[in-house]
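As a plain string of letters, each chain reads:
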Amino acid sequence: MTTAPGGTNNFKVVLLGEGCVGKTSLLLRYIEDKFNDKHLTTLQATFLNKRLNIKGKRINLSIWDTAGQEKFHALGPIYYRNSNGAILVYDITDEDSFGKVKNWVKELKKMLGSDIVLIIAGNKVDLEHERTVPLEEAESYANMVGAKHYYTSAKLNQGVEELFLDLTREMLEKYEQNSQTEVNRTSQVLVVDDETPVQSSCCSGTKSN
Amino acid sequence: MNEEALLARASEERERIFQRYERGRDNLVGQIDPWEDPEFEEYHKTDRYGFIHDERLPQRTAPQKVNIEVEREKKWVKMLAHWDTPETKQKLHRRIYKGIPNSLRINTWCKLLQVNRIKFENPGKYQDMLKLGKLWSTDVRQIDSDVNRQFREHQFYRERYSEKQCALFNVLCAYSIYNSEVGYCQGMSGLAGVLLMYMDEEDAFWALAILLSDKRYAMHGLFIEGFPKLTRFLEHHDKILTKFMPKLKHHFDKFGLDAILYSLKWFFVCFVERVPFSLCLRVWDIYLLDGERVITAMAYTILKLHKKAIMKLNDMDLIVNYIQVKLHKDFGYDDDIVIYHLEKSMEELRRAKLDYPGPPPPNELPQRMLGVFVEPDKKSKIGQRAENFSETEKQTRANVILRREKAALELQELRVSQSDTVSDLNPSIGLPLHTSQATLDIHLESPIFSYVFTCRTDTQPVNYLLNKKVISKIKNRQP
């Protein structure tokens, strides 16, 4: 999150999820109100910008779309670091893609804690008759991990606008809360580490003196 | 759903996808949704490579250039007729750097890749692989989705289930069986897509096979689990930046911009959709001749030519947009000039012994026999994904994190060494002198080398990255 000179708030959002769940379609629907017209391949994560106004505040979203194929998930940390929000997309007709969402939640919580706003999106509700991910299961899971859950259809343009709008609101709230509690937090250098648990004991002696 | 039902569902899906490609566009009248085809209000302009532009062509090929190419064609026709001769060997390098005439690309690429040889050594193989692919390929879904997206602004691929779309689907499905270690990996649709602009289906299949397994290109290591070759080439790329363009490297690090964010397509698909297509073809010409070194040198050349412009961009998004989008639309330099610089870069890197990160280690080369069918396990047949990262993927992930960690540390060290208030710093550890009155919060410990501290003084909290030596010094200083 950075604040540009003109008073615009910049938020970074990352779209994550299994291949073929419709990440790019959601993004194109939101940004250009088109479904599948651009036919973008997402081998390389690309981003698109959207400007909006919330509560009189000017906001610029840069939304990063990532490669969905499982092989690319190992590159995840590059894409979600410094993100303010993540949209975890699954396909309601594909229970495995929902399993992947759970993996992403675990990973993001571990790496970024509560610094990031999580949204879970069950996409392709136009295929409701083929649904295999039970409604209640998805919603109660989202609840449990503190993420909002949305049903979307990029094809029929359902739920997309709301999803992004609510995400932005939440990011803004979080940002405002943070800037109140930590008015003078400045430069941040974040080093993250995979498996080793946080070891605070080694420097407990230095905590205060 | 039980396992049997899942298996049945997966095979039904595969069958359904295959059927549509087999029938092709002409037999699918009324069955293709309008949204499956890209909207182009009309054919505005189609360039000489077949790409349809939604606006007037940015630049027409100048008439004198066309004349030069006609003259070159004559020479090339002669040369192609005497391919395996010392004269050709002698002229080839110079002529290819000048650019292969577009009408002769198909012959020349096939000769450079020795497509005919491998094709004749493996009669009937392609058809066999395709048949097996139809029965067993577990990558059909992803391939279908990517064929639906690849080069849709090109006349060959514009229409859903067009002849070339079907060919692209077939080549990728057959290859996913042929090379069971790779299967299908995103990016390969770009490679095969370009090859199919110039070759027929079977030739494109073998050309793809050579690009992956021939040591000159060794793209296998890019597409297997964990992308070991990507890691190795990126490290080398960083090394080149550090040596030749340290300010630019610093600029990237300042905005947390990892090379992965801008260079993935450079390495994976040899600059497809990252530079204008005419230039991309020129780079491919040279890549097919000289192999892996060309990618490294071109990556360096792009950044060298655009260093000034990039240094003016003070935001990660702007930089990425410039390198990924702007340079694809308009590279800003004539193709010939870029190739001139590319050749110079190759020489420059060679002198510095940085032209090549070395031959592929065994783990980047195919371990299993190519073309031998391996039945996929149940999990992948159903389309189930792994629950956890494999060891190789964990390694890659750790590597990705480490790259950022290193960059951040270097940056921090640089900041400390350039600090105006260097006299205020305790020179032995790089922390402010009044640290003793400050609170140090350790955030995370890395097994490798660095720690992060927030140093809370009376004024502002500052984060520090410190290496292990420093940590022990601080600890020893405690009362």
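Residues numbered from 1 in each chain as written. Chains lettered and ligands numbered in written order. Predicted model: local features only at pLDDT ≥ 70, side-chain atom pairs only at ≥ 80, totals over all residues. Heavy atoms only, no water.

Chain B goes by Rab-GAP TBC domain-containing protein in an unreviewed UniProt entry, where it is assigned to Manduca sexta.

If you look chain A up in an unreviewed UniProt entry, it shows as Ras-related protein Rab-21 from Manduca sexta. Of chain A, the UniProt comment under Subcellular location (unreviewed entry) reads exactly: "Endomembrane system". Chain A has a UniProt comment under Sequence similarities (unreviewed entry) that states "Belongs to the small GTPase superfamily. Rab family." (UniProt positions renumbered as here; feature names shortened; annotations may be inferred.)

Engineer: Would you mind going over the overall build of chain A with me for this structure?
Structural biologist: If you tally the helices and strands in chain A, you get five helices and seven strands. By the burial criterion, 55% of the 209 residues in chain A qualify as buried. Considering only contacts in chain A between residues 6 or more positions apart, those separated by 24 or more positions represent 73%. For chain A, the exposed surface amounts to about 8,800 Å²; the carbon and sulfur share of it is 49%. (Helix = DSSP H or I, 4+ residues; strand = E, 2+ residues; numbered from the N terminus. Buried < 20%, exposed > 50% of the residue type's maximum accessible area, 1.4 Å probe, protein only. Contact = heavy atoms within 4.5 Å. Areas by Shrake-Rupley, 256 points an atom, 1.4 Å probe, with all protein chains shown as cover.)

Engineer: I tried to follow the pairing of strand β7 (residues 148–151) of chain A on my own but got confused; where do I start?
Structural biologist: In summary, the side chains of a regular strand alternate between the two faces of the sheet. All names here are of chain A. In the sheet, strand β6 (residues 117–123) pairs with β7 via four bridges, with the strands oriented parallel. Each bridged residue has a counterpart across the sheet, and for G122 the counterpart in β7 is Y151. Note on the crossover from β6 through helix α4 (residues 135–144) to β7: the handedness is right-handed. (Pairing = 2+ DSSP bridges. Right-handed = clockwise from strand over helix to strand, strands pointing away.)

Engineer: Please clarify how the packing of aromatic side chains should be interpreted in this entry.
Structural biologist: Working definition: an aromatic ring pair is given by the centre-to-centre distance plus the angle between the planes. Considering all chains together, one arrives at 33 aromatic pairs over all chains under this definition. Taking the centre distance of 6.5 Å and the plane angle of 85° together, the rings of Y80(A) and W104(A) count as edge-to-face. Here W104(A) lies in helix α3 (residues 95–112) and Y80(A) lies in helix α2 (residues 76–80), a separation of 24 residues in the sequence. Judged by relative accessible area, Y80(A) falls into the buried class, the value being 1%. One aromatic cluster is present, built from ring pairs that chain together Y49(B), F51(B), F151(B), Y157(B) and F277(B). (Phe/Tyr/Trp six-rings, centres within 6.5 Å; stacked < 30°, edge-to-face > 60°.)

Engineer: Help me understand a positive patch on the surface in this model?
Structural biologist: A cluster of basic residues, K75(B), K78(B), K91(B), R94(B) and K98(B), forms a positive patch on the protein surface. Broken down by element, the residue count for the positive patch peaks at three residues, all from helix α3 (residues 86–98) of chain B. (Patch = residues over 30% accessible without salt bridge, like charges linked within 9 Å, V, L, I, M, F, W, Y side chains within 5 Å. Salt bridge = Lys/Arg side-chain N within 4 Å of Asp/Glu carboxyl O. Lys, Arg positive; Asp, Glu negative; His and termini not counted. Charge placed at Lys NZ, Arg CZ, Asp CG, Glu CD.)

Engineer: How should the nonpolar core be read in this particular structure?
Structural biologist: The biggest cluster of nonpolar side chains holds 158 residues, and the ones touching the most others in it are L88(A), W109(B), L208(B), F223(B), F252(B), F268(B) and L303(B). Among the elements that make up this core, the one with the highest residue count is helix α8 (residues 163–178) of chain B (eleven residues). V13(A), L52(A), I119(A) and L167(A) belong to the second-largest nonpolar core, a separate cluster that totals 27 residues. (Core = buried A, V, L, I, M, F, W, Y, C linked by side-chain atoms within 4.5 Å.)

Engineer: Honestly, the confidence of the model for chain B in this entry has me stumped. Any pointers?
Structural biologist: Low-pLDDT portions of the prediction should not be read for the details of their coordinates. Averaged over all residues, the pLDDT of chain B equals 85, while 84% of them reach at least 70. Across residues 420–464 of chain B the pLDDT falls below 50, and counting only partners more than four positions away or on other chains, this stretch makes 130 contacts in the model. (pLDDT = per-residue confidence, 0-100.)

Engineer: Looking at this structure, I do not really get the UniProt feature "domain: Rab-GAP TBC" (unreviewed entry) in chain B. What am I missing?
Structural biologist: Taken from the UniProt record, the annotation "domain: Rab-GAP TBC" (unreviewed entry) applies to residues 99–291 of chain B. Taken end to end, residues 99–291 of chain B is 67% helix and 0% strand, and its first and last C-alpha atoms sit 16 Å apart.

Engineer: Can you walk me through the packing of helix α15 (residues 277–290) of chain B against helix α16 (residues 293–311) of chain B in this structure?
Structural biologist: The relative placement of two packed helices is expressed as an angle between their axes plus a distance between the axes. Residues and elements named next belong to chain B. Where α15 contacts α16, the axes come no closer than 8 Å and their chain directions differ by 140°. For the pair α15 and α16, the contacting residues are L279, V283, I286, Y287 and D290 in the first and R293, V294, I295 and M298 in the second. A breakdown of the residues in the contact of α15 with α16 according to their chemical character gives seven nonpolar, no polar and two charged. (Axes fitted to C-alpha atoms, helices over the stretch in contact; angles between N-to-C directions. Nonpolar A, V, L, I, M, F, W, Y, C, P; charged D, E, K, R; others polar.)

Engineer: What exactly am I supposed to notice about the pattern of salt bridges here?
Structural biologist: Opposite charge on two side chains permits them to pair, given that their charged atoms come into close proximity. A complete count under the given rule lists 44 salt bridges over all chains for this structure. With a shortest N-O distance of 3.8 Å, R141(B) and D91(A) are connected by a salt bridge. In this pair, R141(B) sits in helix α7 (residues 140–147) while D91(A) sits in strand β5 (residues 85–91), so the two residues belong to two different chains. Judged by relative accessible area, which is 27%, R141(B) ranks as partly exposed. The residue E347(B) makes a salt bridge to R351(B) at a minimum N-O spacing of 3.6 Å. Residue E347(B) and its partner R351(B) are both found in helix α18 (residues 335–351); the two are separated by four residues, about one turn of the helix. Overall, E347(B) belongs to the partly exposed group, its relative accessible area being 33%.

Engineer: How do you make sense of the environment of G358(B) when you look at a structure like this?
Structural biologist: All names here are of chain B. In this structure, G358 sits in the loop between α18 and α19 (378–382). Relative accessible area serves as the criterion here: at 15%, G358 is assigned to the buried category. When the C-alpha positions of G358 and R232 are compared, they lie 9.4 Å apart, and in sequence the two are 126 residues distant.

Engineer: Please explain the side chain of D285(B) as it appears in this structure.
Structural biologist: Residues and elements named next belong to chain B. The topology assignment puts D285 in helix α15. A polar atom in the side chain of D285 sits 2.9 Å from the side chain of R105. Not counting the four nearest positions on each side in its chain, D285 is found in contact with I96, G99, I100, R105, W109 and L112. (Polar contact = N/O pair within 3.5 Å; in protein donor to acceptor, adjacent residues only side chain to side chain.)

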